Amino acid sequence: MAQTDPGKLTQETLGSPAGPCAMVIFGAGGDLTKRMLIPAMYNLCRGKLLPEEFAIVGVSIEPFSVDEFRERASKDIREFAVGGVDMKGWDWFVKRLYYVSGDFHDPKMYGKLKEILDQVKKEQSTAGNVLFYLATSPEFFPVVVQQLGAAELTKQDAQTWKRVVIEKPFGHDLPSAIALNHAVGEVLDEKQVYRIDHYLGKETVQNILAFRFANGIFEPVWNRRYVDHVQVTVAEELGVELRGGYYETAGALRDMVPNHIFQLITLCSMEPPISFDADAVHDEQTKILRALQPFSPEKVLDHAVRGQYGEGLIDGKRVPAYRNEPHVAPDSQTPTFVAMALHIDNWRWAGVPFYLRTGKRMAARATQIVIRFRRPPLVLFRKTSIDRITPNELVINIQPEEGISLSFEAKIPGPVVRLGAVNMDFQYSDYFGTTPSTGYETLIYDCMMGDPTLFQRADMVEAAWAVVQPVLDVWKALPPRDFPNYAAGAWGPAQADELLRREGREWRDPTHVNSLHQRTATNAPEAAVTGKS
Ligand code: BG6
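Conventions we followed
- Residues numbered from 1 in each chain as written.
- Predicted model: local features only at pLDDT ≥ 70, side-chain atom pairs only at ≥ 80, totals over all residues.
- Heavy atoms only, no water.
- Helix = DSSP H or I, 4+ residues; strand = E, 2+ residues; numbered from the N terminus.
- Rg over C-alpha atoms; globule rule 2.2 N^0.38 Å.
- Buried < 20%, exposed > 50% of the residue type's maximum accessible area, 1.4 Å probe, protein only.
- Contact = heavy atoms within 4.5 Å.
- Lys, Arg positive; Asp, Glu negative; His and termini not counted.
- Charge placed at Lys NZ, Arg CZ, Asp CG, Glu CD.
- Pairing = 2+ DSSP bridges.
- Axes fitted to C-alpha atoms, helices over the stretch in contact; angles between N-to-C directions.
- Core = buried A, V, L, I, M, F, W, Y, C linked by side-chain atoms within 4.5 Å.
- Phe/Tyr/Trp six-rings, centres within 6.5 Å; stacked < 30°, edge-to-face > 60°.
- Lys NZ or Arg CZ within 6 Å of the ring centre and 35° of its normal.
- Disulfide = S-S within 2.5 Å.
- Near = heavy atom within 4 Å.
- Polar contact = N/O pair within 3.5 Å; in protein donor to acceptor, adjacent residues only side chain to side chain.
- Areas by Shrake-Rupley, 256 points an atom, 1.4 Å probe, with all protein chains shown as cover.
- Nonpolar A, V, L, I, M, F, W, Y, C, P; charged D, E, K, R; others polar.
- Right-handed = clockwise from strand over helix to strand, strands pointing away.
- Parallel < 35°, antiparallel > 145°, perpendicular 65-115°, else oblique.
- Salt bridge = Lys/Arg side-chain N within 4 Å of Asp/Glu carboxyl O.

Right, let's talk about the overall build of the protein for a bit. Tallying secondary structure elements over the protein gives 15 helices and 19 strands in all. Taken over the C-alpha trace, the protein has a radius of gyration of 25 Å; the compact-globule value for 533 residues is 24 Å, and the two agree within 12%. Oriented by its inertia axes, the alpha-carbon framework of the protein measures out at about 80 × 55 × 45 Å. Counting over 533 residues, the protein shows a buried share of 54%. Restricting to contacts in the protein with at least 6 residues of sequence separation, those with at least 24 account for 78%. Across the protein, 58 positive and 67 negative side-chain charges occur, with their mean positions spaced 4 Å apart.

Encoded structure:
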């Protein structure tokens, strides 16, 4: 790969400013707004990607005046800006903040919003284009969309656009996702709807497509002939923190699988799209979701594992069990860990398991995709037993490590033929430096530009829920009897290891990223491979 000059990102690489528009944030008093959305918009401002003709209108129940809202934002940005605040840029930004207080159910509030939007159109020349961002709790999604429709705020014409970003979770199961799509579809054209999944805002996730389809050498081996299995690990060290109220109604499966993890799996497994047009990409992702082998009740018992963390040690400190976290029932049956074996029933992937696991309070924070290739077919190295050769592994590190590494066997120097696994490593920071980002910048910018590629289409969301629905049903009917079944600080319950072990495989320890591989394949005494691996 040609090395670019790190840190030299030009305006050309960054893109040009979006066109005139106003952004309306419902839930402007909430956490998402202060921690992510305002810092992300401010980063876009610093990156010169916001138009001069721009405004943000915050909407929430809190009775702030416009000045109070601006003051609050000025205080919060000092705490939550990623990459510092420069006062000149912030002055430009803060003057473009407006506020409407009211109840999301109250039609009068939408009347006030209309007046403010007219005002910003005049004051800031936003040209009547509006991006509505629903950063509210999910029960308000249909309410706000219907009220926006009733107030004719989402009406477009040849000169203006109106788009609506809907946050996660989009439904809590298949029927509710279908109902929400229906409610949204009564007011909006599908092209106006941007269902957000913040995993698609991560550079490393977007890079999966570049890696697969901008390079000629990987695609020929990207199939059942060469790939033994795929592992996706999304491990968090954090517990449920103060989100117990929400998490008790969601659990690890709903919270992470049909959205974030299925994004990773579809990007890794989809066929090359005919273009990078949003529909072309979404079509291929949806085909994968539809090809995921359905879970029968028996298969759920066999191929899906749930867990809940008990007390344990994280970084040497004792942390409480999930059941002792705030807003969590003392006998809670909510899973904080899920592992599954999935199969994609298509020509490319038949017979190749895709294992996924995700959990809170795990041994380390690591999001990683492992493509494990098949072993070589022949034992050419006579003193090497074939099962001691380490199969090639391609590891895509999404976070906190950001990079890609490929492991392969090499001869350990010396008179005896001995083999050891070594790594070829690519780290983003070595080539591109690091750009402070919340992860929302690209997504909101794309929405302002009218590019829905990194958002989810209605049928994708439903296809994803359809895959996990049988698991939700079986787990509901058969409450777990062994919770808590893993200690905080572990890699999940023993059953998750068993899921792979019975198929002769094991989870890769994500913390071994970039560490020295010490596995050797030799009949001679074990020896470490030296050098950077
Ligand atoms: C959110 C989940 O969507 O993603 C959280 O609701 C989870 O429970 C978070 O912690 C993980 O996101 P990230 O970007 O930290 O991997």
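Take the environment of K114 next. Looking at where K114 falls in the secondary structure, it is placed in helix α5 (residues 107–124). Here the alpha-carbon distance between K114 and D86, two residues 28 residues apart in the chain, equals 32 Å. Beyond its immediate chain neighbours, meaning those up to four positions away, K114 contacts A151, E152 and L153.

What follows deals with the sheet that holds strand β3 (residues 97–101). Read from one edge to the other, the open sheet built from six strands follows the order β3-β2-β1-β4-β5-β6, with strand pairing classed as parallel. Of all the strands in the sheet, just β3 and β6 (193–195) have a single pairing partner and so form its edges. Direction aside, the axes of adjacent strands within the sheet are offset by 20 degrees on average. Bridging between strand β1 (residues 21–26) and strand β4 (residues 130–134) involves five bridges; their strand directions are parallel. Note on β4: the bridge partner recorded for V24 is F132. Contacts from helix α2 (residues 31–46) reach β1, β2 (54–60), β3 and β4 within the one sheet, and its direction differs from that of β1 by about 170 degrees.

Moving on, we get to the nonpolar core. Ranked by internal contacts, the top residues of the largest apolar core, which has 153 residues, are F26, F93, L113 and F132. What F26 contacts, discounting residues up to four positions off in sequence, is V59, F104, M109, Y110, L113, F132, Y133, L134, A135, T136, V144 and L148.

Using the criterion set out here, one finds 23 aromatic pairs in the structure. Ring centres of Y247 and Y322 lie 6.0 Å apart, and the angle between their planes is 65 degrees; on these two criteria the pair is classed as edge-to-face. A residue pair is termed long-range when its members are at least 10 positions apart, and Y247 in helix α9 (residues 244–269) and Y322 in the loop between β11 (317–319) and β12 (337–343) qualify at 75 residues. With respect to burial, Y247 and Y322 carry one shared label: buried. Of the aromatic side chains, those joined through ring pairs into one cluster are F26, F104, Y110, F132 and F140. The lysine or arginine in question, R163, covers the ring of W161, its NZ or CZ lying 3.8 Å from the ring centre. Against the face of F295 rests K299, its NZ or CZ located 4.9 Å from the ring centre.

With respect to the helices, strands and loops of the structure, S269 is situated in helix α9. If we skip the residues at most four places from it in the chain, S269 touches R212, I288, I344, R348, W349 and F354.

Taken as a whole and assessed by the stated rule, the structure comprises zero disulfides. The thiol sulfur of C45 is not disulfide-bonded, and the nearest other cysteine sulfur, from C21, lies at 13 Å. Its relative accessible area of 14% is what places C45 among the buried residues.

Every buried residue of helix α6 (residues 140–150) is accounted for by F141, V143, V144, V145, Q147 and L148. Contacts from the buried residues of α6 go to β1, α5, β4, β5 (162–166) and α7 (174–187). Following α6 by one or two positions, E152 has its phi on the positive side, about 60 degrees.

Neighbouring the ligand are K168, H198, Y199, K202, E236, R243, D255, H260, K360 and Q399. Between the ligand and K202, the relevant distance is 2.6 Å, taken from an oxygen atom to a side-chain nitrogen or oxygen of the residue. Here an oxygen atom of the ligand and a side-chain polar atom of D255 are 2.5 Å apart. Burial of the ligand by the protein amounts to 80% of the accessible area it has alone, namely 400 Å². The residue makeup of the shell around the ligand, split by class, is one nonpolar, three polar and six charged.

Further remarks concern the pairing of β5. Judged by how many residues are buried, β5 sits mostly within the fold: five of five residues are covered. Residue alternation in β5 divides its side chains into two sets, K162, V164 and I166 and R163 and V165, and both sets are buried. Where β4 meets β5, five bridges bridge the pair, whose relative direction is parallel. Across the sheet, L131 pairs through a bridge with R163, a residue of β5. Crossover handedness for the path β4 to α6 to β5: right-handed. Sheet topology note: the β5/β6 ladder contains three bridges and is parallel. Bridging across to β6, I166 finds its partner in R195. Considered for its hand, the β-α-β crossover made up of β5, α7 and β6 is right-handed.

This brings us to the packing of helix α8 (residues 203–213) against α9. Where α8 meets α9, the axes come as close as 9 Å, and the angle between the chain directions of the two elements is 10 degrees. Relative to α9, the element α8 is oriented roughly parallel. Contact with α8, carried on its side by V205, I208, L209 and R212, involves L264, L267, C268 and S269 of α9 and no other residues of that element. Its residues placed into classes, the contact of α8 with α9 shows six nonpolar, one polar and one charged.

For the coordinates displayed, the defined rule picks out 22 salt bridges. For R195, the salt bridge goes to E190, with nearest N and O atoms at 2.8 Å. By relative accessible area, which is 2% here, R195 ends up buried. For R457, the salt bridge identified is with D283, shortest N-O distance 2.9 Å. Remark: D283 occurs in helix α10 (residues 278–291) and R457 occurs in the loop between α13 (441–449) and α14 (458–477); sequence separation between them is 174 residues. By relative accessible area, which is 15% here, R457 ends up buried. With a relative accessible area of 36%, D283 lands in the partly exposed category.

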